[in-house]
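The lines below spell out each chain.
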Amino acid sequence: MGPWETQLRKGLVELAVMATIAGEEAYGYAIVERLHGLKGLEFTESTVYPVLARLAREGFLAIRAERSPAGPTRRYYRLTDQGKRRLEEMERSWRTVAGSLSALLEGVRK
């Protein structure tokens, strides 16, 4: 992976994490596993967990703790109302940028 791709992924991790739990709450490792199934979004636990902690601190995520059948207590994350609004803003921005870049790249190919 080149340096430019590393920087791109750093910018996308927050959007990817929030989009992963938009439909339903999930615990940290499940979020990592869901992202591992998506090409280009294979973020590690050491990348995802600090983002989860920061988003919770900023009020975008709520946390619910539940005992795990095997292992330590699991922390389940879900979007707060503020988090849902933030995700909508991020999605609009992403779609605008992605559309503009796609148009720009189409022009290069011609």
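What this report covers is the structure whose coordinates are included nearby. (Residues numbered from 1 in each chain as written. Predicted model: local features only at pLDDT ≥ 70, side-chain atom pairs only at ≥ 80, totals over all residues. Heavy atoms only, no water.)

Some words on the overall build of the chain
Here comes step 1: Counting secondary structure elements, the chain contains four helices and three strands.
Here comes step 2: N-terminal to C-terminal, the α/β element order of the chain is α-β-α-α-β-β-α.
Here comes step 3: Relative to its full complement of 110 residues, the chain shows a buried share of 29%.
Here comes step 4: Taking contacts inside the chain between residues at least 6 apart in sequence as the whole, the part at least 24 apart equals 50%.
Here comes step 5: Element-wise, carbon and sulfur atoms account for 55% of the exposed surface of the chain, whose accessible area totals about 7,400 Å².
Here comes step 6: Looking at the chain, you have 18 positive and 14 negative side-chain charges, and the mean spots of the two groups are 2 Å apart. (Helix = DSSP H or I, 4+ residues; strand = E, 2+ residues; numbered from the N terminus. Buried < 20%, exposed > 50% of the residue type's maximum accessible area, 1.4 Å probe, protein only. Contact = heavy atoms within 4.5 Å. Areas by Shrake-Rupley, 256 points an atom, 1.4 Å probe, with all protein chains shown as cover. Lys, Arg positive; Asp, Glu negative; His and termini not counted. Charge placed at Lys NZ, Arg CZ, Asp CG, Glu CD.)

Remarks on the pattern of salt bridges
Here comes step 1: Under the counting rule described, the total for this entry stands at eight salt bridges.
Here comes step 2: A salt bridge links Glu25 to Arg64, with the nearest nitrogen and oxygen atoms 2.3 Å apart. With Glu25 in the loop between α1 (3-20) and β1 (26-27) and Arg64 in strand β2 (residues 61-66), this residue pair connects regions lying 39 residues apart in the sequence.
Here comes step 3: Classification of Glu25 by relative accessible area gives partly exposed; the value is 25%. (Salt bridge = Lys/Arg side-chain N within 4 Å of Asp/Glu carboxyl O.)

Some points on the side chain of Arg9
Here comes step 1: The residue Arg9 is located in helix α1 in this model.
Here comes step 2: Taking relative accessible area as the criterion, Arg9 reaches 13% and is therefore assigned buried.
Here comes step 3: Aside from chain neighbours lying at most four places away, what touches Arg9 is Met1, Gly40, Leu41, Glu42 and Phe43.

Structural notes on the packing of α1 against helix α4 (residues 81-109)
Here comes step 1: Viewed as axis vectors pointing N to C, α1 and α4 meet at an angle of 125°, and their least axial separation amounts to 10 Å. By the criterion of interaxial angle, the relationship of α1 to α4 is oblique. In the crossing of α1 with α4, the sense of the turn from one axis to the other is left-handed. For the pair formed by α1 and α4, the contact residues are Leu12, Glu14, Leu15, Met18 and Ala19 on the first element and Gly83, Arg86, Leu87, Met90, Glu91 and Trp94 on the second.
Here comes step 2: For the contact of α1 with α4, a count of residues per class yields seven nonpolar, one polar and three charged. (Axes fitted to C-alpha atoms, helices over the stretch in contact; angles between N-to-C directions. Parallel < 35°, antiparallel > 145°, perpendicular 65-115°, else oblique. Left-handed = near helix turned anticlockwise from the far one by under 90°. Nonpolar A, V, L, I, M, F, W, Y, C, P; charged D, E, K, R; others polar.)

Digging into a nonpolar patch on the surface
Here comes step 1: The grouping of Val97, Leu101 and Leu104 at the surface amounts to a nonpolar patch, some 270 Å² of accessible area in total.
Here comes step 2: Locating Leu104 in the fold gives a position in helix α4. (Patch = residues over 30% accessible without salt bridge, like charges linked within 9 Å, V, L, I, M, F, W, Y side chains within 5 Å.)

Looking at the sheet that holds β1
Here comes step 1: Strand order in the open sheet made by the three strands is β1-β3-β2, with antiparallel pairing throughout. Both outer strands of the open sheet, β1 and β2, are each paired with one neighbouring strand and no more.
Here comes step 2: As judged from the two bridges shared by β1 and strand β3 (residues 74-79), these two strands associate in the antiparallel manner. Residue pairing for β3: Tyr27 is matched across the bridge by Tyr76. (Pairing = 2+ DSSP bridges.)

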